[in-house]
Amino acid sequence: MYRFTFSMIILLLLLATDGYCASGTASGVSNSMNPALSINGLFKSQYIQHNNSADDYGIELQEAEMHFTSVVDPFWKANVIFAVHPEEGQAEYGICVEEASIDALNVPAGFSLKLGKFFVPFGKHAKLHTHAFPFIKAPVAVESFLGEGLSETGVELTASLPVPWYSDLTVYGINGNTAIFDNENKELAYGAHSKNFFDITYNSTIEIGGSLLSGPASEDYYGLKSNMSIIGFDMTYKWISSKRSHGPALTISSEFIMPDFLDDDRTPMGWYAFTQYRFHHNWWIGYTSGLVDCDSEIYPNAISQGEILENKMNLTFAPSEFSALRAEVALYDNQASEEDHLCFTLQWNFTIGSHPAHSY
Amino acid sequence: MSRNILVITALMLLVLTLPGISTAKLKVVATLNDLGWIAEQVGGDDVEVSVLCPPHQDPHYLPAKPSLAKKLKKADLLLYNGLELEIGWLPLLIETARNPKIKPGSRGELECADALEHILDVPTGHVDRSKGDIHPLGNPHFLLDPRNGVKVALLIAERMSELDIDAAERYKQRADMFQASVEKRLPEWEALLSASRNCPVIVYHQHWEYLLNWLDIQTIGSIEHRPGISPSPRHTKDIINLGRSQKCVYIIAATWDNLKIAKKASERMDAPLIILPGATGAMEGAEGYLGLFDYICKELSRGGVDGVRNE
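**Details of the overall build of chain B**
When helices and strands are counted, chain B shows ten helices and eight strands. Counting every position in chain B, which comprises 311 residues, the buried fraction comes to 54%. Taking as baseline every contact in chain B between residues at least 6 positions apart, the subset at least 24 positions apart corresponds to 64%. In the form shown here, chain B has an accessible surface area of approximately 14,300 Å², with 54% of it arising from carbon and sulfur atoms.

**Thoughts on the side chain of Asp 145 of chain B**
Position of Asp 145 of chain B among the secondary structure elements: in the loop between β4 (109-111) and α5 (146-163). Beyond its immediate chain neighbours, meaning those up to four positions away, Asp 145 of chain B contacts Tyr 210, Trp 214, Tyr 289 and Phe 293 of chain B.

**Regarding the sheet that holds strand β6 (residues 218-222) of chain B**
Residue and element names in this part refer to chain B. Pairing is parallel across the open sheet formed by four strands, whose spatial order is β6-β5-β7-β8. The sheet terminates laterally at β6 and β8 (273-276), the two strands that pair on one side only. Across the sheet, the mean angle separating the axes of adjacent strands is 30° when strand polarity is ignored. Pairing between strand β5 (residues 200-203) and β6: four bridges, direction parallel. Residue pairing across strands places Ile 202 opposite Gly 221, the latter belonging to β6. Along the sheet, helix α8 (residues 233-245) makes contact with β5 and β6, crossing β6 at roughly 155°. Seen against the sheet, helix α9 (residues 259-269) touches β5, β7 (250-254) and β8 and runs at an angle of roughly 175° to β7.

**Brief notes about the packing of α8 of chain B against α9 of chain B**
Residue and element names in this part refer to chain B. In contact at an axis separation of 9 Å, α8 and α9 are set at 40° when each is read in the N-to-C sense. Taken as axis vectors, α8 and α9 run oblique relative to one another. For the crossing formed where α8 meets α9, the hand is right-handed. Contacts between α8 and α9 involve Thr 236, Ile 239, Ile 240, Gly 243 and Arg 244 on the former and, on the latter, Ile 261, Ala 265, Arg 268 and Met 269. Per-class residue counts for the contact of α8 with α9 are five nonpolar, two polar and two charged.

**Section: the packing of aromatic side chains**
Residues and elements named next belong to chain A. Inspection of every chain in the model, using the stated rule, returns 18 aromatic pairs over all chains. Consider the rings of Trp 283 and Phe 317, whose centres lie 4.8 Å apart with planes at 40°: the pair is tilted. Placement of the pair is Trp 283 in strand β13 (residues 283-294) and Phe 317 in strand β14 (residues 306-320), with a sequence separation of 34 residues. Here Trp 283 falls in the partly exposed class, since its relative accessible area comes to 30%. Residue classification places Phe 317 among the partly exposed positions, given a relative accessible area of 28%. Between Trp 348 and Phe 350, the ring centres sit 5.4 Å apart and the planes meet at 40°, which makes this aromatic pair tilted. We classify Trp 348 as partly exposed; its relative accessible area is 42%.

**What about the interface of chain A and chain B?**
Listed per partner, the contact involves 37 residues of chain A and 30 residues of chain B. When chain A packs against chain B, the two sides together hide about 2,600 Å² of surface, and 51% of this comes from carbon and sulfur. At the boundary of chain A and chain B, one finds three salt bridges. A salt bridge links Glu 95 of chain B to Lys 77 of chain A; its shortest N-O distance comes to 3.3 Å.

**A closer look at the sheet that holds strand β3 (residues 77-80) of chain B**
Residue and element names in this part refer to chain B. Taken in spatial order, the four strands of this open sheet run β2-β1-β3-β4, and their pairing is parallel. Looking at strand neighbours, the two that pair on one side only are β2 (47-51) and β4, the edges of this open sheet. Here the average twist between neighbouring strands, direction ignored, is 20°. Alignment of strand β1 (residues 26-30) against β2, held across five bridges, turns out to be parallel. Within β2, the residue paired with Ala 30 across the bridge is Val 51. Contacts from helix α2 (residues 33-43) reach β1, β2 and β3, with the element oriented near 175° to β2.

**As for unusual backbone geometry**
Residue and element names in this part refer to chain B. In this structure, Glu 84 takes a positive phi of about 65° despite not being glycine. In this structure, Glu 84 sits in the loop between β3 and α4 (90-97). Residue classification places Glu 84 among the partly exposed residues on the basis of a relative accessible area of 32%. The residue Asn 198 is not glycine, and still its phi comes out positive at about 65°. With respect to the secondary-structure elements, Asn 198 resides in the loop between α6 (168-192) and β5.

**Re α4 of chain B**
Residue and element names in this part refer to chain B. Buried within α4 we find Leu 90, Leu 92, Leu 93, Ile 94 and Ala 97. Buried residues along α4 sit in contact with α3 (66-73) and β3. At the exit of α4 stands Arg 98, carrying a positive phi of roughly 50°.

**Focus on the confidence of the model for chain B**
Residue and element names in this part refer to chain B. Of the residues in chain B, 90% have a pLDDT of 70 or more, and the chain-wide mean is 89. A low-confidence stretch, residues 11-22 stays under pLDDT 50, and its non-local contacts, those more than four residues away or across chains, total zero contacts. Below pLDDT 50 for its whole length, residues 305-311 participates in 20 contacts with residues either more than four positions away or in separate chains.

**Regarding the environment of Leu 273 of chain B**
All names here are of chain B. Within the element layout of this structure, Leu 273 appears in strand β8. Taking relative accessible area as the criterion, Leu 273 reaches 0% and is therefore assigned buried. Taking the C-alpha atoms as reference points, Leu 273 and Ile 252, separated by 21 residues in sequence, lie 6.0 Å from one another.

**Re the state of the cysteines**
Residue and element names in this part refer to chain B. Scanning the model with the defined rule gives zero disulfides over all chains in all. Here Cys 248 is not cross-linked by a disulfide; its sulfur's nearest cysteine counterpart is in Cys 199, at 9.7 Å. Note on Cys 248: relative accessible area 9%, which makes it buried.

**Brief notes about the packing of α5 of chain B against α6 of chain B**
Residue and element names in this part refer to chain B. Orientation of α5 relative to α6, taken along the N-to-C sense of each, is 180°, at an axis distance of 9 Å. With respect to α6, the element α5 is oriented roughly antiparallel. Across the interface between the two elements, Pro 146, Arg 147, Gly 149, Val 150, Ala 153, Leu 154, Ala 157, Met 160 and Ser 161 from α5 touch Ala 168, Tyr 171, Lys 172, Ala 175, Asp 176, Phe 178, Gln 179, Val 182, Leu 186 and Trp 189 from α6. Grouping the amino acids of the contact of α5 with α6 by side-chain chemistry returns 13 nonpolar, three polar and three charged.

**So, the pairing of strand β10 (residues 227-240) of chain A**
Residues and elements named next belong to chain A. As paired strands, strand β9 (residues 204-216) and β10 are joined by 13 bridges and run antiparallel to one another. Across the sheet, Leu 213 pairs through a bridge with Ile 230, a residue of β10. Looking at chain direction, β10 and strand β11 (residues 249-260) are connected through twelve bridges and run antiparallel. Pairing of Thr 236 across the sheet is with Ser 253, part of β11.

Cut-off values and rules
Residues numbered from 1 in each chain as written. Chains lettered and ligands numbered in written order. Predicted model: local features only at pLDDT ≥ 70, side-chain atom pairs only at ≥ 80, totals over all residues. Heavy atoms only, no water. Helix = DSSP H or I, 4+ residues; strand = E, 2+ residues; numbered from the N terminus. Buried < 20%, exposed > 50% of the residue type's maximum accessible area, 1.4 Å probe, protein only. Contact = heavy atoms within 4.5 Å. Areas by Shrake-Rupley, 256 points an atom, 1.4 Å probe, with all protein chains shown as cover. Pairing = 2+ DSSP bridges. Axes fitted to C-alpha atoms, helices over the stretch in contact; angles between N-to-C directions. Parallel < 35°, antiparallel > 145°, perpendicular 65-115°, else oblique. Left-handed = near helix turned anticlockwise from the far one by under 90°. Nonpolar A, V, L, I, M, F, W, Y, C, P; charged D, E, K, R; others polar. Phe/Tyr/Trp six-rings, centres within 6.5 Å; stacked < 30°, edge-to-face > 60°. Buried area = accessible area lost by both parts, 1.4 Å probe. Salt bridge = Lys/Arg side-chain N within 4 Å of Asp/Glu carboxyl O. pLDDT = per-residue confidence, 0-100. Disulfide = S-S within 2.5 Å.

Written out as structure tokens, the structure reads:
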């Protein structure tokens, strides 16, 4: 009797276990609610020739970016992006949270609301993740004043304006203790970005944007005023042939960035302009020129100091939407210190998983 | 005096409400021209239809221009093909549009592939991108079988009726009329291509599987070996050899395909290249969904029997 009862218990347990496994995965845990996951990898091999110091060369993982996105519940959608990249001057890698934000799903009247850590919508380039850069490095003008992607914590509200063309206005408030403002200050920084699109023909469009970011000035700058602002203008023209899949396509883009300072004679500023052309199914060619003029006495937080002129040219082979090989030559000329360097870079870029489409 | 003010105020309010009255039509946005055309037939005067992807554009690669998102902002109903045909651009446009009526899962969005009972080319076994930019849910070009167009029309009528109950009967009537007009033409199109039955053909991209399956024409290979990837010289050579050995009767390509490679294969294979409209209105003479099949069947019958090129 004891054996019979024991056998029945074991049998019932086996049946229950079988039923449990059949309703889930092999591990017994459903994966149907997992977020969409993608990884972008960027490797580069670089040779840098300096005019007054020894040459540099090397091969490295430029960045690996992990992107998770999913609807949280009926009210929110989440977006989390981690980036792994080499630490400056070290053999080790660091990981940082580029974005961790939620978007409200039910905001009425065509508004959108974002909370968390996100790329601040300033201009055109600062919102791009590294794998979407048109050239291997960000323009010096963007890097000097905004860093390599201005990822900050705050809240962002976007509304569409009732005008005949497509027009979005975004306003946001972020932590003021960022690299570009005062690291020690607890005050908030505020900003706005206006984005306007016009269809010229079916195949060609023009985008015009304006940006403003204002926050607490760093201590070094207190002598002049306690608050500082950065303004920016951007314009992008695109033409994409619609008659052929992967047919010819042209992009011409330009951006101007200027921190607002009192001293008119020494106002820092920067700009860049680039053009990219798809001349064959898988082949792109690009050229960019840019300048940053930034005096360390005036603007100590800038990453690049002095008057730097950059010129870059690249050739990209993209055999599919998910991988690309890029060869680039870049010349940086620091006119104040008379230092210049020439970079030859090969970059390999891949994407795996379900990566969301990039904005137009 | 106060009466005048009341009258003027009433008139102003009436004028202000007029646009609301005139735009009471159901605003429908279709991703593809074929869907837009079918929606117009089903919706008639009760709907206002606009289309995102123009007929001459490859629907896999539509640039997600914000002006397209603007069209979606006021949509009551979004009709899309589905089976991930629009995956590269539609989610972004929906997000940019910020229109709660058409967000995924709402009654204002309709995946037209839901009308199908049988989906072709559903990949079996292991699926990854070594096979190119494949559609893991199956071949999405089902609108190139007119019988599927009918199923889609009936589904659209059903959804339009849910959203605009007052016009429900009219939607059903128009969908039935559309069904009758397609079914009347089917024997005519099939008869036109009866001589091509079981003939071996090569396609550039697997865009034509539903069309050829309906007409009993046999696809023996595709120039684009893996979807979305340019064919390698080796594969092009292999496909030319295959075409020669199997006596391929013609090659079919869409207007947006890489016609240089298709022409080269056609010359080497000594099989005519037939360039067909991939969607309603993609070529002159292929206007309207029925006109699309008139054009395609006429061109295929000429190419298959007489060996006439339409380049």
